[in-house]
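# Descriptive analysis of the structure
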Amino acid sequence: MTLCFAKEGTEVVPLILLEETDFNGWLVNQPTSIQNWCEVHNFKAELGQVLILPDLEGNMTSAVVGIGTAKAREKGRFALAKAASKLPKKTFEIISGLPDELAEVECLGWLLSQYTFSRYRQCQKECATLIAPDCLDRERLEAVANGEALIRDLINLPASEMSPVALEDVVRSIGKRFDADVQSTVGEDLLSNNFPMIHAVGRASDIPPRLIDLTWGTQGPAVVLVGKGVCFDTGGLNLKPGGSMGLMKKDMAGAATVLGLAQMIMGLEVKVCLRVLIPAVENSVSGNAFRPKDILTSRKGLTVEVNNTDAEGRLILADALALADDAKPDLIVSMATLTGAARAAVGTDLVPFYCDNDYDAEIIMRSGNRVSDPVWRMPFYEPYEEVLESGIADLDNAPAGGFAGSIVAALFLRRFVEHTTRFVHFDIYGWQPKQAPARPQGGIGQGARALLDAFPDLLDL
Ligand code: BES
Ligand code: MN
Ligand code: ZN
């Protein structure tokens, strides 16, 4: 689906946004009928309150939306989206009260509130639409919203539809749209081209594993985005129990997120030399599945003792990161639904990210806040490096003890980035567990908008 603002020239209903603190000042200037109308509806411009203002015949003349106070807005995100879902299915134009610093994110929220995953539904949702306010870059917001919609769609698709081969098809069609180059190394070719761990993790599936490689752009700093594309994670021979496997169609959320971000970057013609690497596999169970205690030799040459086939994400990412690192780009970003431990640490809403450079971390945090895509820095805590030691190989993919699982996984990945000075890793969840404004239950992009906003400062664009 395409998320967009309403066409100019559509018949519009004026929309007034009101801060709670401005409510009384506004009310005294209204006719008595409106004052009474507000009173009987108990409208006080609280966050998310909506009131339709009628004429004396009862026709809608305009609508008012409460945006509460700055304090109340801190408790959630996308205040306007919350209101939009309560408005009738008409086209609205904001005529007053949109604070400058909120305009971009609130209008983006409106667009995102129009998203539904409707492929398997007979009846389609109809939404209230918005005229793009003049102060905003309409094309930019639409590009961002549609990048996000892509992320959600890819995550929401069942694994039967979003297999490694289907994921490659998606990358190819996006590549075509933006004139990007797309290469893919599939099945046995992973062995001859030295991606042994991607092959080992993915070989038990009937759909061959692959490394998808998209490149685009000729100007500016070199940026590589690496996304975990585990199209379904059964856990492998260390099979997940049913309850833990239930949501594992979303284990390609890292891939979806870097693709959505790539679509935003290409659509907005951001001046970077972009590369997207997606190791795409199914972590399946079969006679030829990789096993606990197998020792894998990675692309980089480091050997890895497999102590849990369910710690598969770091294995496939390691080979992709080693490839990314060969070219010494200016920045490598990995995004992955890597650990359950990340959820134990920060919940489903916040995204932990790892980054060695304080200045970069600060920029990313600030951008996340600015665009309502909250991320939180975690440490590449050096003393935990020793946890990764295996008695028999260079590394252990699933150290016993299990404490600080998200940090340990991040440290594992960092071992494969040697020549590139800037490496940022996001341990995302990729799923909205319950409906919230602009975020329906289901797949969700995490960290992509924060990064897009951070790029100019991060990369001196
Ligand atoms: N894809 C999972 C992590 C995951 C689980 C993310 C649930 C989001 C929700 C990953 O492949 C995994 O299974 N990780 C294991 C690692 C462990 C075996 C060292 C985990 O976190 O339990
Ligand atoms: Mn797993
Ligand atoms: Zn996984």
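Residue numbers run consecutively from 1 along every chain, following the written order of its sequence. All chains are assigned letters beginning at A, and all ligands numbers beginning at 1, according to the order in which they are written. Given that the model is predicted, a residue must reach a pLDDT of at least 70 before its local features are reported, and side-chain atom pairs must reach 80 or more before they are shown or counted; all residues, however, enter totals for whole chains, interfaces and linings. Hydrogen atoms and water are omitted, and side-chain values are computed over all heavy atoms in the structure.

### Considering the pattern of salt bridges
As a reminder, the rule being used: For this analysis, a salt bridge means a side-chain nitrogen from Lys or Arg found within 4 Å of a carboxyl oxygen belonging to Asp or Glu. For each residue, the accessible area found with a 1.4 Å probe, counting protein chains only, is set against the maximum for its type, and the residue is called buried under 20%, exposed over 50%, and partly exposed in between.
Overall, the coordinates contain 25 salt bridges when judged by the stated rule. Residue Asp294 pairs with Arg291 through a salt bridge whose shortest N-O separation is 3.0 Å. What makes Asp294 buried here is its relative accessible area of 17%. Looking at Arg291, the relative accessible area reads 40%, which means it is partly exposed. We note a salt bridge from Arg414 to Asp356, for which the minimum N-O separation is 3.1 Å.

### What to know about the environment of Ala63
Selection rule: Helix and strand assignments follow DSSP, with helices taken as H or I runs no shorter than four residues and strands as E runs no shorter than two, numbered in order from the N terminus. Contact between two residues is taken to exist if any of their heavy atoms lie within 4.5 Å; hydrogens are not considered.
Residue placement: Ala63 occurs in strand S3 (residues 60–66). The buried category is assigned to Ala63, whose relative accessible area is 0%. In this structure, the C-alpha to C-alpha distance between Ala63 and Ser85, residues 22 residues apart in sequence, is 13 Å. Those residues within four positions of Ala63 in sequence are excluded, and the remaining contacts are Val13, Pro14, Leu15, Ile16, Leu51, Ile52, Leu53, Leu87 and Phe92.

### With respect to the packing of aromatic side chains
Filter applied, for reference: Any pair of Phe, Tyr and Trp rings, taking the six-membered ring for Trp, is counted once the centres come within 6.5 Å. Such a pair is stacked with planes under 30 degrees apart, edge-to-face with planes over 60 apart, and tilted for the rest. The rule is short: NZ of Lys or CZ of Arg within 6 Å of the ring centre and within 35 degrees of the ring normal puts a charge over the ring.
One pass over the structure, following the stated rule, counts 9 aromatic pairs. Connected via pairs of aromatic rings, a cluster forms that spans Phe23, Trp26 and Phe43. Its end group placed over the ring of Phe380, Arg414 keeps NZ or CZ at 4.7 Å from the ring centre.

### Some thoughts on the site of ligand 1
Quick reminder of the rule: Residue proximity to a molecule or strand is established when one non-hydrogen atom of the residue lies within 4 Å of it. For this analysis, a polar contact is any N or O atom pair within 3.5 Å, provided that within protein one partner can donate a hydrogen and the other can accept it, and provided that sequence-adjacent residues contribute only side-chain to side-chain pairs. Accessibility throughout is a Shrake-Rupley quantity obtained with a 1.4 Å probe, and a residue counts as covered only by protein chains that appear here. Three residue categories are used. Nonpolar comprises Ala, Val, Leu, Ile, Met, Phe, Trp, Tyr, Cys and Pro, charged comprises Asp, Glu, Lys and Arg, and polar comprises the others, including Gly.
As a matter of local geometry, ligand 1 sits amid 17 residues, with Lys240, Asp251, Asp310, Glu312 and Gly340 nearest to it. A distance of 2.8 Å separates an oxygen atom of ligand 1 from a polar side-chain atom of Glu312. Residue Leu338 places a main-chain N or O atom 3.5 Å away from a nitrogen atom belonging to ligand 1. Starting from 520 Å² of accessible surface for ligand 1 in isolation, the protein chains cover 77%. Among the residues making up the shell around ligand 1, the classes are represented as 5 nonpolar, 4 polar and 8 charged.

### Overview of the coordination of the zinc ion (ligand 3)
Applied cut-off: Only nitrogen, oxygen and sulfur atoms count as donors, using a 2.8 Å cut-off from the metal that widens to 3.2 Å for Na, K and Ca. Water is left out, so coordination shells may look unfilled. Note on geometry labels: four donors, all angles 85 to 135 degrees, give tetrahedral; four donors become square planar and six octahedral when opposite donors are over 155 degrees apart and every other angle is between 65 and 115; remaining cases are irregular.
Within the protein, the atoms that donate to the zinc ion (ligand 3) are Lys228 (NZ), Asp233 (OD), Asp251 (OD) and Glu312 (OE), at distances of 2.0 to 2.4 Å. Angles of 77 to 174° at the metal separate the 6 donor atoms of the zinc ion (ligand 3), which places the site in the octahedral class. Between the donor residues of the zinc ion (ligand 3), the gaps in sequence give the motif K-x4-D-x17-D-x60-E. The distance between the zinc ion (ligand 3) and the manganese ion (ligand 2) comes to 3.1 Å, with Asp233 serving as a donor to both metals.

### A closer look at the coordination of the manganese ion (ligand 2)
Coordination angles at a metal have ideal targets, namely 109.5 degrees for four tetrahedral donors and 90 or 180 degrees for six octahedral donors. The manganese ion (ligand 2) binds to the protein through Asp233 (OD), Asp310 (O), Asp310 (OD) and Glu312 (OE); the donor distances cover 2.0 to 2.2 Å. One chain supplies every donor for the manganese ion (ligand 2), spaced along it as D-x76-D-x1-E. Using a relative accessible area of 2% as the deciding quantity, one classes Asp233 as buried.

### Some thoughts on the nonpolar core
When a protein is soluble and globular, its nonpolar side chains tend to lie buried together. We apply this condition: The nonpolar core is taken to be a set of buried Ala, Val, Leu, Ile, Met, Phe, Trp, Tyr and Cys residues, with the residues joined through side-chain atoms within 4.5 Å.
Within the largest apolar cluster, 94 residues are counted, with the highest numbers of intra-cluster contacts made by Ile265, Ile278 and Phe426. Take this core: its biggest share by element is 10 residues, from helix H11 (residues 253–267). Once you skip the residues sitting within four places of it in the chain, Ile278 turns out to touch Leu167, Val171, Arg210, Leu211, Ile212, Gly227, Gly229, Ala255, Val258 and Leu259. Met197, Leu211, Ile316 and Leu388 belong to the second-largest nonpolar core, a separate cluster that totals 43 residues.

### Describing the sheet that holds strand S1 (residues 13–18)
How we decide: Pairing between two strands is assigned when DSSP locates at least 2 bridges connecting them.
Within the open sheet, the 5 strands sit side by side as S2-S3-S1-S4-S5. Their pairing is mixed. Each edge of the open sheet carries a strand with a single partner, namely strand S2 (50–54) and strand S5 (129–130). Sheet analysis places S1 next to S3, joined by 4 bridges and oriented parallel. Among the inter-strand pairings, Leu17 is bridged to a residue of S3, identified as Val65.

### Describing a nonpolar patch on the surface
Threshold: Exposure above 30% relative accessible area and no salt bridge define the residues that can form patches, which grow by joining like charges within 9 Å and nonpolar side chains of Val, Leu, Ile, Met, Phe, Trp and Tyr within 5 Å.
Judged by side-chain polarity, Leu237, Leu239 and Val285 come together as a nonpolar surface patch covering roughly 260 Å² of accessible area. For Val285, the position within the fold is in the loop between strand S10 (273–283) and strand S11 (295–297).

Such coordinate-based values are descriptive only and should not be taken to indicate function.
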